[in-house]
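If you want the building blocks of each chain, they are given just below.
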Amino acid sequence: MKRILIKGADVVTLDEAGTVLRNTDLLIEDKRIAQIGQLPPDTQADEIIDAAGKVVLPGFFNAHCHAPMTFERGWAEDLPFPRWLNEKIWVAESALMPDDVYWGAALAACEMIRSGTVAFNDHYFYMDRVAQVVLESGMKALLTWCTFGIGDDKEIGPGAATQLAFSRDWQGAGDGRIHTCLGPHSPYICPPEFLRQVVELAEQYQLPIHLHVAESQEQVVNAQARYGQTPVEQLAALGVFDHPTVAAHCLALTPDDRALLAEKPVTIARTPITYMKLAMPIHVSLTDLQAAGITRVALGSDGPASNAVMDMWDIVRQTVWLEKYQTQNPEAVPGDTALRMATRNGALAMGFAESGVLAAGMTADLMLVDMDRPHLRPRHDLIANLVHAARGADVTHVLVDGQWLMRDRQLLTLDEERILYEAEHRALRMVRQNMNQVREYRG
Ligand SMILES: [Zn+2]
């Protein structure tokens, strides 16, 4: 049995009571946390980390992203959402090769590990290549092919069959680090008969679902005109929400939609930087969700084409600031609330029920943050410093299932130099190739 002893740390457990332990120890045995608390000075371990001046907290779970979209970082700027998709994003993706997806996801993995993310919920194409990155990097993930159900000529990969084959091949791979689900793009693109087929597969193979929902008021109005139902009502009627679902965004919800979501096993994943960067109105705030009894809210980076970074510290901070600003309520999203959304809530949504909290018996998926930094002093309030001031670059160590992915800022599982080279060179090639418009967003 391998034992790692982290000594003299401040431990932010994010347990239900919000326990923070100052200057204490954390013992890890193989994959799991064995003990938290002052241990005898002669405690033996294979590895002892002196964590004086550091905080240990659960690693982040990025609950909605398209990791290989690192290739489109800086490629589609200063455009409204329909033009952003139609003229830049979907056009560039038409030239995407499976190897590009591998290197794009590897670049994202370097960035995520460097900023304390241990797991990500990814929705993209050529997902076997993303799964390969998860295997090699040591991260955890919930993965799915993004499918449209609008014809093989208009999408990458032949629909539901691809999704299912991918799930069967990869479910539980990497010693349980890889989970899979079904990923219809959204109710505004996928035809109802396709969504019905997805629900049947979810039923038959007990798979969760990850999709985009109600990103704009326009989508709600169009769905009502087309189907006589809001997107949420439509998905509920089709049976989507009878399965564990991650519904990204949900920015435009009627009171009935909210009441319905509160009753279902649905986690709403919010990506605040995308909303600000693409100027997408937020009709339903986190405060509104909470008032409707919706407790399952997690945070994500979305794709780097709309978010620019995958650093969850930025996303935690922007979640809090955006909510306070938008609701004109400085008391909104207080204390460690956003940290919990970015850790435990994401872990539960992605099927990692033994992660997202530091406690004996939980899996050792955690990070160490160096608090001996000018922007993190003085320490009146450790949580406030973490939420409002910490950055990805302050993370020194990342552990997943008791394995180091980063130690003292050194990435241990990925060849970062090669990844930077390949990603740069392939992303530039992608946008020089024969791109074409394969489908059109109409809201
Ligand atoms: Zn998305």
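As a convention, each chain's residues are numbered from 1 in the sequence order in which they are written. The predicted origin of the model limits local features to residues at a pLDDT of at least 70 and limits the giving and counting of side-chain atom pairs to 80 or more, whereas totals for whole chains, interfaces and linings rest on all residues. Excluding hydrogens and water, the side-chain values take into account all heavy atoms of the structure.

Caption draft 1: Highlighting the pattern of salt bridges. Whenever Lys or Arg places a side-chain nitrogen within 4 Å of a carboxyl oxygen from Asp or Glu, that contact is recorded as a salt bridge. The tally for this structure, following the rule as stated, stands at 24 salt bridges. One salt bridge in this structure joins D100 and R429, with 2.9 Å as the shortest N-O distance. A residue pair is termed long-range when its members are at least 10 positions apart, and D100 in helix α2 (residues 98–114) and R429 in helix α16 (residues 416–430) qualify at 329 residues. Connected through shared salt-bridge partners, K31, K140, D175, D365 and D401 make up one network. Only DSSP runs of H or I with at least four residues qualify as helices, and only runs of E with at least two residues qualify as strands; both kinds are numbered from the N terminus onward.

Caption draft 2: Spatial organisation of the packing of α2 against helix α3 (residues 127–137). With their axes 8 Å apart at the nearest point, α2 and α3 run at an angle of 35 degrees to one another. Between α2 and α3 lies a crossing of right-handed hand. Mapping the contact onto sequence places P98, D99, V101, Y102, A105, A106, A109 and I113 in α2 and R129, V130, Q132, V133, E136 and S137 in α3. Taken together, the residues that form the contact of α2 with α3 break down as nine nonpolar, two polar and three charged. Axis angles are defined between N-to-C directions and span 0 to 180 degrees, where every axis is a line fitted to C-alpha atoms and, for a helix, only to the segment in contact. In a left-handed crossing the near helix is turned counterclockwise from the far helix by less than a right angle, and in a right-handed crossing that turn is clockwise. Residues count as neighbours in contact if any of their non-hydrogen atoms are within 4.5 Å of one another. Here the nonpolar group is Ala, Val, Leu, Ile, Met, Phe, Trp, Tyr, Cys and Pro; Asp, Glu, Lys and Arg are the charged ones; every other residue, Gly included, is treated as polar.

Caption draft 3: Fine view of the nonpolar core. Residues F120, L143, W313 and L386 are the most contacted members of the largest nonpolar core, which totals 136 residues. If you tally residues by element for this core, the top one is α2, at eleven residues. Mapped onto the domain boundaries, this core takes at least three residues apiece from domain 1 (3–58 + 355–410) and domain 2 (60–349). Not counting the four nearest positions on each side in its chain, L386 is found in contact with V12, V55, L57, W313, R317, L339, V369 and M371. We call a set of buried Ala, Val, Leu, Ile, Met, Phe, Trp, Tyr and Cys residues a nonpolar core when their side-chain atoms join them within 4.5 Å. Type-normalised accessible area, obtained with a 1.4 Å probe on protein chains alone, sets the label of each residue: buried when under 20%, exposed when over 50%, and partly exposed for intermediate values. Within the second largest apolar cluster, 16 residues are counted, among which are V56, L366, L368 and L399. The split of the chain into domains comes from an automatic or database domain assignment.

Caption draft 4: Structural context of the packing of aromatic side chains. Pairing of aromatic rings covers Phe, Tyr and the six-membered ring of Trp, with a centre-to-centre limit of 6.5 Å; geometry is then stacked below 30 degrees between planes, edge-to-face above 60, and tilted otherwise. By the definition in use, this model includes eight aromatic pairs. Ring plane angle 20 degrees and centroid distance 5.9 Å describe the contact between F81 and W84, whose orientation is recorded as stacked. One end of the pair, F81, and the other, W84, are both in helix α1 (residues 81–93), three residues apart, so they sit about a helical turn from each other. W84 shares its class with F81; the two are buried. Taken together, the ring pairs in this structure connect W90, Y124, F125 and F148 into an aromatic cluster. Both a distance and an angle decide whether a charge sits over a ring: NZ of Lys or CZ of Arg must be within 6 Å of the ring centre and within 35 degrees of the ring normal. The ring of W75 has K88 sitting right over it, with the charged end atom 3.8 Å from the ring centre. Sitting over the face of the ring of W321, R317 holds its NZ or CZ atom 6.0 Å from the ring centroid.

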